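Chains, contacts and geometry: an overview
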Amino acid sequence: MKRSPRAKVIAAVMLVIITICIVFLSLLYRENQRSMQQIIDNKARSAFIVAESIVEQTSIQYQLRIKSFLNYKSSKSREMMIQAFANRDRQELLRLSKPFFEILQHENPYFSTLGWILPDNHAFLRIHSPENFGQNVAKMRPDIAAVNTFREQRSGFTTGYIGLQYRVVEPVFYQNKYLGALQIGIEGQVLQDAIEKKLHAPAGVAILNSEYNAILKKYQKGIPGRTHTIDSSSPNLFQNIVNLDWKKKQYRITLADKPYVIYNVYNLFNFQNKELGVLFVALDISQEVMERRSLILSALLLSALLIGLSFVILYFSYGNLVQKIVNLNSSLEKNNRELESRVRERTAELLFEIEERKITEQKLHKAEKMEAIGLMAGGVAHDLNNILSGVVSYPEILLMQLSQEDKLYPPVKAIHESGLRAAAVVSDMLTVARSAANVHEIANINTVIKEYLESLEGKKLFSQYPDVKIVIQFASELHNIKCSPVHIKKCLMNLVINAAEALGNSGQITISTQNYHLDEDATQKNSLPVGEYVALMVKDDGPGIAANDLEHIFEPFYTKKKMGRSGTGLGLAVVWNAIQDHDGNVKVESDKNGTSFTLLFPTSTDQTLSKPKKNITIENLRGNGEHILVVDDEPHQRNIASQLLSLLDYQVDTVHSGEEAITFVRTQKVDLLLLDMLMDSGINGRQTYEEIIKIYPKQKAVIASGFSESEEVKQAISLGAGAFIKKPYTFEQLGLAIQTVIKKNKRVQTRKDTLADD
């Protein structure tokens, strides 16, 4: 039977249309599967970032917290507690430890155990179960045995009698004597609950059967499998996944008639870095699956409609066949492009959100690390600076009384210079901790760089590397900035030292400046607002920095040098923190052709340069017999201040506490107070000054402290204290501060007298 030409044309065109629809549906299905997997991967990556952050925050917090808990020098109650452990007084130890345990439980409801262990591994006191003691826990708790053996902190996840815990075990020392160990435990349930709260998704842990069996039977509520046991607050949901291969990162599986992705977000390790199990989360993808099924169904319906409509049009409107096929094909292509565009846009949005979250987590992690360093630096600064006062000031007093020809002059000068270098290291620690008291002034970076290059310190540095060529490229008409010149010079010094050491025997270092404008695109890369900036660049043509090291170079104590010989590990950390204090940013570019550091500083709206400091001589610093009262709890610090002030022709009295100072001024008025801010007993410097100005409202004062310029110092200055100096102070710093306060008050009084005469 012969077909009509019309039928043949309709059949041929319909075959083409059906083929096009099949190809379109195939492409759509493949793109749909790829998009679905990408969404799953993005969700899984987000879950991993959250889990890693939770675990790191928990571990770092309690590794530091237990050290703080055992710092008996920080408070009398802690020392009494350690003494009770040393005396093996169980009842006294329970009485003193229990309030701390209750505080920790109040702060963290998952905090479950706190126990004192003897050096022979016997449990001395469990605060959470005080009636249970005396057992040898070495076999059950190898981490405690390791601490008693090596006397170093151990931490990690473990399965004990009451379930999964994160435990930290810390050795206990008192007056250089080893007493035993202290262990704290946080319930592992904190991981599941935190994951579920942040991701709004059910979570659980799959623990190796060999480890899970260590838990007492009455606490075993998990679902056993061939290799692992699942412990979760949603046991009914996870009945079908007990025998998964937990070495794989993710599974797509149906649970409770819903599609899920089971994702292994974090591996749990014990103190020996042996795996105990995995933390997993069930990510509900039912909405995404439904959306994609709906999309495929819509495409199928659209294709069926297209085929049927094409047949009707071809059958009834043969004359318009070609034009209508072209129009329908164009419509299909447009829909496909729009669909692909929407998928790409949504994918890009998800990737951007994940990247932003990752950046935020990194910043949080870095801030916590810097806060920990800040606590360490602030804790040692006061005591260390008080100690350094003697090393800096006594040699300075001796040098003023020795001639340069005296044979004792060189060694005394060396002691003085060593003290100043030690004080500089403490200053670096405070800069890293973002706690340094900076004095900002309007300056031109070109001038600051020239001052450093022409200084003795700069010349000495370059003389150590005679074969390294230094090239200076200053921009003309450079904008001024508001900065701390001392810290700018310190940044330049650290960058030049690093560059010179990277070059070795020969090479070139280029120091350059330029004005820099950041537009909206550039601000996203530099994390700075739109505006005008000044750039300081230090570039070398050395071998470059390894890619693995680049992301760590600004971390405190991260160094490839030999500590104590070629650096402290604080150089680039000082650079980074100093730039943050100037509201700027630092960029690093490095490859096999060299390394370039670019420091960006916001320009100042005030372009009037600060006046240069005048040369100070001892004659400029002498007083006129004014009466000064030194208030300090350190005997040698009172002696130092008394000798320095006496050499400057001041009348000096000293007292050892704020209370004694208040009693002194009630009977004898003084011209000026030199107040220590922190004193071990009694009231501090700010409280002392507050009480004295109630007696003498116009009492002049200078505040001195081994710490940086704290809130207490700022309050004292707001009350009327004229100046702040940081220990250890030099002869010049002390004399200048005293002169400034006395002269300032004299100028104010002279002006009042003149106005009264008028």
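Residues numbered from 1 in each chain as written. Predicted model: local features only at pLDDT ≥ 70, side-chain atom pairs only at ≥ 80, totals over all residues. Heavy atoms only, no water.

1. Thoughts on the overall build of the protein chain
Helix and strand counts for the protein chain stand at 21 helices and 23 strands. For the protein chain, with 758 residues in total, the buried portion stands at 44%. The contacts of the protein chain with a sequence gap of at least 6 include a subset with a gap of at least 24, amounting to 66%. Surface summary for the protein chain: the accessible area is close to 40500 Å², and the carbon and sulfur share equals 53%. (Helix = DSSP H or I, 4+ residues; strand = E, 2+ residues; numbered from the N terminus. Buried < 20%, exposed > 50% of the residue type's maximum accessible area, 1.4 Å probe, protein only. Contact = heavy atoms within 4.5 Å. Areas by Shrake-Rupley, 256 points an atom, 1.4 Å probe, with all protein chains shown as cover.)

2. Here's the deal with helix α5 (residues 189–199)
Residues of α5 that are buried: Val190, Leu191, Gln192 and Ile195. One or two steps after α5, the chain reaches His200, where phi turns positive at roughly 55°.

3. Re the packing of helix α18 (residues 658–667) against helix α19 (residues 685–695)
Following both chains from N to C, one finds α18 and α19 inclined at 15°, their axes separated by 9 Å at the closest point. The orientation of α18 with respect to α19, classified from their angle, is roughly parallel. Regarding α18 and α19, the two cross each other, and that crossing is right-handed. Across the interface between the two elements, Gly658, Ala661, Ile662, Val665 and Arg666 of α18 pack against Thr688, Glu691, Ile692 and Ile695 of α19. Considered class by class, the residues forming the contact of α18 with α19 number five nonpolar, two polar and two charged. (Axes fitted to C-alpha atoms, helices over the stretch in contact; angles between N-to-C directions. Parallel < 35°, antiparallel > 145°, perpendicular 65-115°, else oblique. Left-handed = near helix turned anticlockwise from the far one by under 90°. Nonpolar A, V, L, I, M, F, W, Y, C, P; charged D, E, K, R; others polar.)

4. Section: the pattern of salt bridges
In total, this model carries 16 salt bridges according to the counting rule given. Among the salt bridges present, the one from Asp143 reaches Arg141, with a minimum N-O distance of 2.8 Å. Taken together, the salt bridges that share partners define one network made up of Asp632, Asp676 and Lys727. (Salt bridge = Lys/Arg side-chain N within 4 Å of Asp/Glu carboxyl O.)

5. Examining the side chain of Gln192
The residue Gln192 is located in helix α5 in this model. Its relative accessible area of 2% is what places Gln192 among the buried residues. One polar contact links the side chain of Gln192 to the main-chain carbonyl oxygen of Asp231, over a distance of 3.4 Å. Excluding residues within four positions of it along the chain, Gln192 makes contact with Ala203, Gly204, Val205, Asp231, Ser232, Ser233 and Leu279. (Polar contact = N/O pair within 3.5 Å; in protein donor to acceptor, adjacent residues only side chain to side chain.)

6. Looking at a nonpolar patch on the surface
The grouping of Met140, Tyr161, Ile162, Leu216 and Tyr219 at the surface amounts to a nonpolar patch, some 440 Å² of accessible area in total. Within the secondary structure, Ile162 is located in the loop between β3 (154–160) and β4 (163–174). According to the relative accessible area criterion, Ile162 is partly exposed, its value standing at 41%. (Patch = residues over 30% accessible without salt bridge, like charges linked within 9 Å, V, L, I, M, F, W, Y side chains within 5 Å.)

7. Focus: the sheet that holds strand β16 (residues 531–540)
Pairing is mixed in the open sheet, where five strands are placed in the order β13-β15-β16-β18-β17. Both outer strands of the open sheet, β13 (468–473) and β17 (585–591), are each paired with one neighbouring strand and no more. Shown here is a sheet whose adjacent strand axes are inclined to one another by a mean of 15°, direction ignored. Of the strand pairs in this sheet, β16 and strand β18 (residues 594–602) are connected by eight bridges, and their pairing is antiparallel. Within the sheet, the bridge partner assigned to Val534 lies in β18 and is Phe601. Running over the sheet, helix α10 (residues 445–454) touches β13, β15 (507–518), β16 and β18 and is turned about 160° from β15. (Pairing = 2+ DSSP bridges.)

8. Quick notes on the confidence of the model for the protein chain
When pLDDT is low, close inspection of the predicted coordinates is not appropriate. Residues with a pLDDT of 70 or more make up 83% of the protein chain, whose mean pLDDT is 81. Low pLDDT, under 50, characterises residues 750–758; the stretch is placed with one contact to residues that sit more than four places away or in other chains. (pLDDT = per-residue confidence, 0-100.)

9. With respect to the packing of aromatic side chains
By the definition in use, this model includes eleven aromatic pairs. Ring centres of Phe69 and Phe100 lie 5.3 Å apart, and the angle between their planes is 90°; on these two criteria the pair is classed as edge-to-face. Of this pair, Phe69 sits in helix α1 (residues 5–69) while Phe100 sits in helix α3 (residues 90–107), placing them 31 residues apart in sequence. This pair shows no difference in class: Phe69 is buried, exactly as Phe100 is. Pairing Phe157 with Tyr166 gives two aromatic rings, centres 5.2 Å apart and planes at 70°, and the pair type is edge-to-face. For Phe157, a relative accessible area of 7% puts it in the buried group. Taken together, the ring pairs in this structure connect Phe69, Phe85, Phe100, Trp116 and Phe124 into an aromatic cluster. Here Arg90 stacks its cationic end above the ring of Phe124, 4.5 Å away from the centre of that ring. (Phe/Tyr/Trp six-rings, centres within 6.5 Å; stacked < 30°, edge-to-face > 60°. Lys NZ or Arg CZ within 6 Å of the ring centre and 35° of its normal.)

10. Side note on the sheet that holds strand β10 (residues 258–269)
The strand order across the open sheet formed by six strands is β7-β8-β6-β11-β10-β9, and the pairing between neighbours is antiparallel. Strands at the two margins of the open sheet, each flanked by one partner only, are β7 (223–224) and β9 (250–255).

11. Overview of unusual backbone geometry
Note the cis peptide between Lys727 and Pro728, where omega equals -5°. Along the chain, Pro728 falls in the loop between β23 (723–726) and α21 (731–757). Its identity as a non-glycine residue notwithstanding, Asn273 has a phi of 65°, on the positive side. Even without a glycine there, the phi angle at Glu477 is positive, about 55°.

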